[in-house]
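Below are the chains, spelled out letter by letter.
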Amino acid sequence: MMTKEMLKKLIFPLPTQVTVHERTLNLTKVALRVTADAHTAKQAGALIEKQLAKLGVEVCDCAETVITLALGEAPAEVSFADQAYSIKVTAAGAELTGFGAQGVFYAAVTFVQLLKSAEVPFCEILDWPDMEFRGQIMETRLGTDCMEKQDWFDMIDDFASQKINHLQVNVY
């Protein structure tokens, strides 16, 4: 059985609220339903589909198990609501609800972290950041020629997976 402590080791940064239940959801074939705005949904959905493909999980509209990406209303206790999200994994599938465009993406990031295998624990997560801006400053005297274009893209993807939302590069 997955415990709260074990689940928290899969997710970085740690969610604000986590409840873990005894059962797990086995993913063999899933439908991905997106009701959030097109731009955000495209990025978040692609992130989830990529991880499902790595696990050999088929994505099709005919599946009974459904992963839903949606926009919703934030609970009152949530700060920085546009970056907050909730995830509920049940027997029917997973509901990923962002309370803003960034929240939809961060819900997908966290769900992908849960997808280390095709078996996902039943859980409820409510998360929001402690700070509106989380960033990294990079300074270099050598210029941008030390990194290839793909290196920069990979670094930005890695920062996004950590929910870092600001990057400042100083070249001198």
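Given the structure is predicted, the values throughout are model-derived calculations rather than measurements.

Procedures and definitions
Residue indices follow the written sequence of each chain, beginning from 1 at its first position. At least 70 in pLDDT is required for a residue's local features to be given in this predicted model, at least 80 for side-chain atom pairs to be given and counted, and no such filter applies to totals for whole chains, interfaces and linings, which use all residues. The side-chain figures draw on all heavy atoms in the structure; neither hydrogens nor water molecules are used. DSSP calls a pair of strands paired once it identifies at least 2 bridges connecting them. Numbered from the N terminus, helices here are DSSP runs of H or I no shorter than four residues, and strands are runs of E no shorter than two. In this analysis, two residues are considered to be in contact whenever any of their non-hydrogen atoms come within 4.5 Å of each other. Under this scheme, a helix contributes an axis fitted over its contacting stretch, all axes are lines through C-alpha atoms, and angles between N-to-C directions fall in the 0 to 180 degree range. The rule is simple: put a 1 Å grid over the protein atoms alone, call a set of points where a 1.4 Å probe fits but cannot get out a cavity, call an open set with protein on both sides within 12 Å along at least five of seven lines a pocket, and count a residue as lining if it has an atom within 4 Å of a point. Grid points are joined across faces, edges and corners, and a volume is the space filled by probe spheres set on the points. Under the scheme applied here, ten amino acids are nonpolar (Ala, Val, Leu, Ile, Met, Phe, Trp, Tyr, Cys and Pro), four are charged (Asp, Glu, Lys and Arg), and all others, including Gly, are polar. Each nonpolar core is a collection of buried residues, namely Ala, Val, Leu, Ile, Met, Phe, Trp, Tyr and Cys, held together in the definition by side-chain atoms within 4.5 Å. The buried label goes to any residue with under 20% of its type's maximum accessible area, the exposed label to any with over 50%, and the partly exposed label to all in between, with areas taken from a 1.4 Å probe on protein chains only. Expected helix span is computed as 1.5 Å times (number of residues minus one).

### Looking at the sheet that holds strand β5 (residues 85-90)
Link 1 in the chain: In spatial order, the strands read β1-β7-β5-β6-β4-β2-β3; together these seven strands make up an open sheet with mixed pairing. Either end of the sheet is taken by a strand with one partner, and the two such strands are β1 (17-26) and β3 (58-59).
Link 2 in the chain: Across six bridges, the pairing between strand β4 (residues 65-71) and strand β6 (residues 93-98) is parallel. By the bridge assignment for β6, Thr 68 is matched with Glu 95.
Link 3 in the chain: Against the sheet, helix α3 (residues 101-114) contacts β4, β5, β6 and β7 (119-127), and its axis sits at roughly 40 degrees relative to β5.

### Observations regarding the layout of surface pockets
Link 1 in the chain: Considered as a void within the structure, the largest pocket measures approximately 470 Å³ in volume.
Link 2 in the chain: Leu 47, Lys 50, Val 112, Asp 157 and Ser 161 are the residues nearest the centre of the largest pocket, which is lined by 15 residues in total.
Link 3 in the chain: If you tally residues by element for the lining of the largest pocket, the top one is helix α2 (residues 38-54), at six residues.
Link 4 in the chain: Grouping the amino acids of the lining of the largest pocket by side-chain chemistry returns seven nonpolar, four polar and four charged.
Link 5 in the chain: What the second largest pocket holds in volume is close to 200 Å³.
Link 6 in the chain: In terms of residue class, the lining of the second largest pocket is built from seven nonpolar, two polar and four charged.

### A closer look at the nonpolar core
Link 1 in the chain: Ranked by size, the top nonpolar core spans 35 residues in total, and within it Ile 48, Ile 67, Val 89, Leu 96 and Phe 111 carry the most contacts.
Link 2 in the chain: A total of nine residues in this core trace back to one element, the largest contributor, which is α3.
Link 3 in the chain: In this structure Phe 111 touches Ile 48, Ile 67, Ile 87, Val 89, Ala 94, Leu 96 and Val 120, once residues within four positions along its chain are discounted.
Link 4 in the chain: In terms of nonpolar packing, the next biggest core, distinct from the first, is built from five residues, Val 78, Ala 84, Phe 99 and Trp 128 among them.

### Points about α3
Link 1 in the chain: Between its terminal C-alpha atoms α3 stretches 21 Å, which fits the 20 Å expected from 14 residues at 1.5 Å a residue.
Link 2 in the chain: The element α3 is largely enclosed, with a buried count of 12 among its 14 residues.
Link 3 in the chain: Taken together, the buried positions of α3 are Gly 103, Val 104, Phe 105, Tyr 106, Ala 107, Ala 108, Val 109, Thr 110, Phe 111, Val 112, Gln 113 and Leu 114.

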